[in-house]
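Examination of the molecular architecture
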Amino acid sequence: MRRKLTSLSLLAFLGLGTLAFAQVTGVVNDGNNFPEMDAEVVVKGTDKVAYTDENGKFDIDAKIGDVLIINGKEFVVTSNNLGILKSVSENVDLDEVVITSIFDAPSKSGQTVVTGESLQQFNPTLSVDQMLGGKVSGLTSQAQNGAPGATSNITIRGAMGLGGGNKSPLFVVDGTYMTVTDMNTINPQDIQDVTVLKDASQLAIYGARGANGVIIIKTKSAKRNSKNFSYSSRIGFTEMMKQNDMDVMGSNQLLNYQNDLAQIPGIAGGVARTPEQIANLSKINTDWDDAFFKNGLMTSHYFSMSSNTDGDSQSFSLGYDKNSGAVNYYKGLDRITGTLNMSSRLSDKARYGINVNGSYQTLDEPRDINNGQNAFYSALQNRPFADVYKLDGNGEIIYKPNGDPTFNQSVNAMGYNALDEMYYTKNQTRTFRVYGSAFFEYELAKNLFARTTFGATYRRTQYESFTAPSANLMSILGSGGSKSDQSIDRLDYNWRNELSYIKSFGDHNFRATVASEYIDQSNYSMTLSSQGFPNDKQDVQSLATTKLQSSNTARWAVTRFGYLGSINYDYAKKYFIDGYIRRDGTSLAGLDNKYGTFWGASVGWDIAKEDFLKSSSFFNSLMLKASYGEVGDDSGLARYSNLTLMSLTGTYNNQGIGAPSLNVANPQTTWEINKKLNVGLDFVLLQRRLSGNVSYFKDTRTDFLFNKELPRETGSFTTTINAGELVSSGVEVELNFDVISKKDYSLSLYGTLTKMKYKINDLNGLDELIVSGSVEDMKHINGGAPYQFYMVRFAGINRDNGNAQYYDIDGNITEVYDANDAVALDKSPMPTLTGGFGLNAKFYGFDLNADFVFSAGGYTYNNTYQILTTPTTTNNKAVQADDYWRNPGDVTEFQKLTSAGFRYSDQFLEKSDYINFRSLSLGYSFDNLLKGTGVKGVRVFTQVQNLALWTKFHGNPIVGTASSGYAVAGDSGFIANSYSLFSYPNTRTYTLGLNVNF
């Protein structure tokens, strides 16, 4: 049963409203006992109309004795919950219906459904995975950065490995499997709903691909017995959000700061100047934000049409979205999307369906790495008393012979103006995707169904980067222009075959399914790099004078095969039991250990249907649920790590050299195992005005991958073994409260909350382990949390002499910095409290929607703030840099300055807590004014995204990846939000929109 999303602070409103509110609910099934979506439900003699959702469920204002008209048939309202209404009028106390594919409808215990309508409150160029943050308990979504089209680092219930860091869930879009990197190609206006699966009893169905959670995205299909045409459009602009407490100095302040530093021996950031020189240079006060950033344009157009008559359904959509971003010289994101969905009943026994989706996307965005080529690095650190361009004696810009402006390079300590490179560089990533599925289903005998489903995703990605010969960088490198082209072809497909027996007899409902699934992934890539081009315009590789040895091709393939069985039973929709078992094989595991058997089971009890509560108007549903299972995860296994490989390392005497890999394949290396426990309570109360769930979960992950050193006499080789145990546990809460629910006005509040805890129980016999591959120093601690920051502890400032103080390894205060005093701090980047909340309100045609997300308990090492306050360069600084110790007794933020600058310690380890006012929209619908015109509805609206951010963090706490030039999701040791380092910050977007339905 679809679960509504819900609010954190609702109980204070329980006294509001009236318990006498008559909200009648029910479920409409067709003659075959399948749910009838979009059936019209009318209260006879009134203008009250409602439509059923994809589960056949409806809610409508009515009272006892009213008559409902559904598909021409009349049903008398005898209670507030009518149960299932079939093709004949009868009161059957059922709430759920059977859906044929077990992959489409696993046990509904512990799933959350987000409607497509709620996602349309956001800017359509925001990736779908980002939209889910705060709307689903147990799901954490941190944007990689603020660039248009950026996807997120998304995890469900803290999924991670002790080596590979964050683990992303599986995305299932219309039956085909996709990854989080595909999510920016999906138009959110195409989405009907998103279902998030978390329990082992559900995930076991998807095998190894589903071990870290599953997100099922269903695109829109035609409404039953209807024809529809719609168009929507948005236009707006985007701007950089001001970073919290991160103002940089103006010219006069920086010049005086540098002059003061010059009086301190050994400080590299000091420059002595006379008052006259300071006054003269202060006349220039460049705002580098204006030079690097812009107000970007955002436009969106979406068209759809659909028809569903006589069992034949067709729908088509076409969308275009553009977001130019907020950085000068870059075009941002352009995306074209299209969908075509068809389904039909060939007979009473057979039906088929085809879903085809496609997108073509171009993406142009700046470098994301910590150096002078980074726009965000430069905008914060370029000196304000330097001009953007070279000027002549009259203060006019000096132009090159070809008419290009000459950029001033003396803008920072590096002597490098990133604007020059941005001006002369063309970057573009073009991605073409086609994805979808087709199914055929046949009723072999009464209650016996066979179904085959084929799903596939094809991606063609082409990346071009050309830096023109006129660029200052090319003069430095002496290369005469450079070009890099990369092409990637990837095809993923899955083929599933199912046989299901479905039988209801009396109050007993039974289903048994056996199925098989084959999954294939293949990838081919090609890279070509060259230098030496004739001019700034001609950039094809054939014109280059030098082809570089970095040019190469590569390919890989992964296959999986599994077969499963499931049994689902319920008695009177009151007692439920589900069981699943799946045996999976993967080409990634050791050659002698490729197969594993995994299982899951769940039970449920709807207490509200017991006689002692059945007549209660307070309890509408009270489902106690529990599940346990074990699922395998092969995401930690590197491709071809089950083979001992040879590497070609160059030539000797004009002959190739081959050497064996230092890692010897272990034929017994196998899956990581995730043992999942979930206990929860779903509830619907107060005549369906208050709904939600509370769950406790515990995920025990074992058999992580560790390197084991082999005896030295074998040649210093290593091999890979399975070991270790990590427990992630927590509590999830989802609530929804309809404070007011009337025909012409309503108010509902919703929210989610997740509390997380992590503990390592086994570390392959070690007490602690340095995290390999992490950007910041981290350790795993046996008996403690994973990914703890490992650094020297800052003990404050000696106010008498201004020296920085630190704790030594034993906890004693010292003024001597020693890197050997570093300890694990029991602080990690993973937040321990996440969620979201908001409201939806309507009032006589007006609608107001507000959405907030929050995160607490995590820590981020703030490299950005450290660099902007340390005195070791002559670059611009944050205004706080001037607040350093000068005289005995001074109470300042920073210690006495020395030539060493600020050392690596937890002085710059900051809490990354925040509340983000993510979206606010206000609209008006003209539906009642357009009756009889052929127009079903018109809505105009305005929306602001990222309206406000409340945090004590210096800068942007939502840093996600922080610097993709160093590490990205999937890399060894990568944990989202672990450090801040001049990444694309959040942007604010303002839009006006129009929706028209015919």
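Residues numbered from 1 in each chain as written. Predicted model: local features only at pLDDT ≥ 70, side-chain atom pairs only at ≥ 80, totals over all residues. Heavy atoms only, no water.

Definition in use: UniProt positions are given in the numbering used here, feature names are shortened, and annotations may be inferred rather than shown by experiment.
As annotated in an unreviewed UniProt entry, the protein is SusC/RagA family TonB-linked outer membrane protein from Faecalibacter rhinopitheci. Per UniProt, the comment on the protein under Subcellular location (unreviewed entry) is "Cell outer membrane". The heading Sequence similarities (unreviewed entry) in the UniProt record of the protein holds the text "Belongs to the TonB-dependent receptor family."

**A short note on the overall build of the protein**
What counts, and what does not: Strands are runs of DSSP state E lasting at least two residues, helices are runs of H or I lasting at least four, and both sets are numbered from the N terminus onward. A 1.4 Å probe rolled over the protein chains alone gives each residue an accessible area, and that area as a share of the maximum for its type sets the label: buried under 20%, exposed over 50%, partly exposed in between. The contact definition used throughout considers only heavy atoms, calling two residues in contact when any of these lie within 4.5 Å. Each accessible area is a Shrake-Rupley estimate made with a 1.4 Å probe; only the visible protein chains count as cover when residues are assessed.
When helices and strands are counted, the protein shows eleven helices and 52 strands. Taken along its principal axes, the extent of the C-alpha atoms in the protein is 95 × 75 × 65 Å. Counting only residues that meet the buried cut, the protein has 56% of its 998 residues in that class. Within the protein, residue pairs in contact and separated by at least 24 positions form 70% of the contacts whose partners lie at least 6 positions apart. Total accessible area on the protein stands at roughly 41,100 Å², and carbon and sulfur atoms take up 55% of it.

**What about the pairing of strand E42 (residues 804–807)?**
Looking along a regular strand, one sees the side chains alternate between the two faces of the sheet. The condition that has to hold: Strand pairing requires that DSSP identify at least two bridges connecting the strands.
Two elements, strand E41 (residues 793–797) and E42, share four bridges in a ladder whose sense is antiparallel. Each residue of the ladder has a partner; that of isoleucine 797, found in E42, is alanine 804. The hairpin formed by E41 and E42 contains six residues between the paired strands, and glycine 802 there has a positive phi angle of roughly 80°. Taken together, the two bridges between E42 and strand E43 (residues 813–814) define a ladder with antiparallel strand orientation. When the sheet's bridge partners are listed, tyrosine 807 is paired in E43 with isoleucine 813.

**Some thoughts on the packing of aromatic side chains**
So the rule is basically this: Geometry of aromatic contacts follows a simple scheme: Phe, Tyr and Trp rings, the Trp one being its six-membered ring, pair when their centres are within 6.5 Å, and the pair is stacked under 30 degrees between planes, edge-to-face over 60, tilted otherwise. In this scheme, Lys NZ or Arg CZ marks a charge over a ring once it lies within 6 Å of the ring centre and within 35 degrees of the ring normal.
With the rule as written, the count across this model stands at 40 aromatic pairs. Ring geometry for phenylalanine 292 against phenylalanine 293: centres 6.4 Å apart, planes inclined by 50°, an arrangement best described as tilted. Under the relative-accessibility criterion, phenylalanine 292 is labelled buried at 0%. An angle of 55° between the planes, with centres 5.5 Å apart, marks the rings of tryptophan 599 and tyrosine 628 as tilted. Residue tryptophan 599 is located in strand E29 (residues 595–606), and its partner tyrosine 628 is located in strand E30 (residues 619–633); the two are separated by 29 residues in the primary sequence. You can call tyrosine 628 partly exposed: its relative accessible area is 32%. Chaining the aromatic ring pairs together yields one cluster made of Trp288, Phe292, Phe293, Phe376 and Tyr984. Above the ring of tyrosine 884, the side-chain terminus of arginine 886 is found at 3.8 Å from the ring centroid.

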